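What follows is the residue order along each chain.
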Amino acid sequence: MTERVADPSIDRIREHVRGQVARTSLRKVAKRAGVKVGATKKFIDGSVPYERNLRLWKKYYARELRAGVAGQPDDALPGRDARAVLELLLWGFPEDERAGATREAVDLFRDFYQSHRHTPPRWVLVLRGEAADAPDPDAEPEGDIDDDEGDEE
């Protein structure tokens, strides 16, 4: 049996899938992603997908990004999304080798951009640890806005 492990990068994909389901239908999105309708429903409801379905959701999201459907141009690809795409591309590596392969791939992208006299995109710098990732617009704000400290009852 395949173990299911939570993946924080999947939250952005889940939100995109929810939006697509709201705009079209559960069946249409499931068919485009190659995932069963029941698994799609569970996914948008928050369950952690099986490994096979996780790969399919990442592939689906990568296609949506490329097509411009995911709401962000490729040059604004956040580091967490770039990492998810690289994980998909490097899926064939054993798990204990994937982190090293990812670092190598990111370095190759950096060198490729530089050899063509282009500045590497921000996601390359983020994945190399040279820049901070852009804040997640869907993330909850830090701190409590309704701070009651000092209020009297």
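Summary of the structure given here. (Residues numbered from 1 in each chain as written. Predicted model: local features only at pLDDT ≥ 70, side-chain atom pairs only at ≥ 80, totals over all residues. Heavy atoms only, no water.)

1. Focus on helix H2 (residues 26-33)
Given 3.6 residues per helical turn, the α-helix brings residues three or four places apart onto the same face. Taken together, the buried positions of H2 are occupied by Val29, Ala30 and Ala33. Down the axis of H2, the sector holding all buried residues measures 100 degrees, keeping them to one side. Of the exposed residues in H2, the ones pointing more than 90 degrees away from its buried face are Arg27, Lys28 and Lys31. Among the structural elements, helix H1 (10-23), helix H3 (37-44) and helix H4 (51-66) are those in contact with the buried residues of H2. Two residues or fewer after H2 comes Gly34, characterised by a positive phi angle close to 80 degrees. (Buried < 20%, exposed > 50% of the residue type's maximum accessible area, 1.4 Å probe, protein only. Helix = DSSP H or I, 4+ residues; strand = E, 2+ residues; numbered from the N terminus. Arc of directions from axis to C-beta. Contact = heavy atoms within 4.5 Å.)

2. Description of the side chain of Asn53
Tracing the chain through its elements places Asn53 in helix H4. Setting aside residues no more than four positions away along its own chain, Asn53 makes contact with Val35 and Ala39.

3. Examining the packing of aromatic side chains
This model, assessed by the stated rule, comprises four aromatic pairs. On the basis of an interplanar angle of 70 degrees and a centroid distance of 5.2 Å, the ring pair of Phe109 and Trp123 is categorised as edge-to-face. Linking Phe109 in helix H6 (residues 95-115) with Trp123 in helix H7 (residues 122-127), this pair joins segments that are 14 residues apart in sequence. Among the residues examined, Phe109 registers a relative accessible area of 32% and is labelled partly exposed. (Phe/Tyr/Trp six-rings, centres within 6.5 Å; stacked < 30°, edge-to-face > 60°.)

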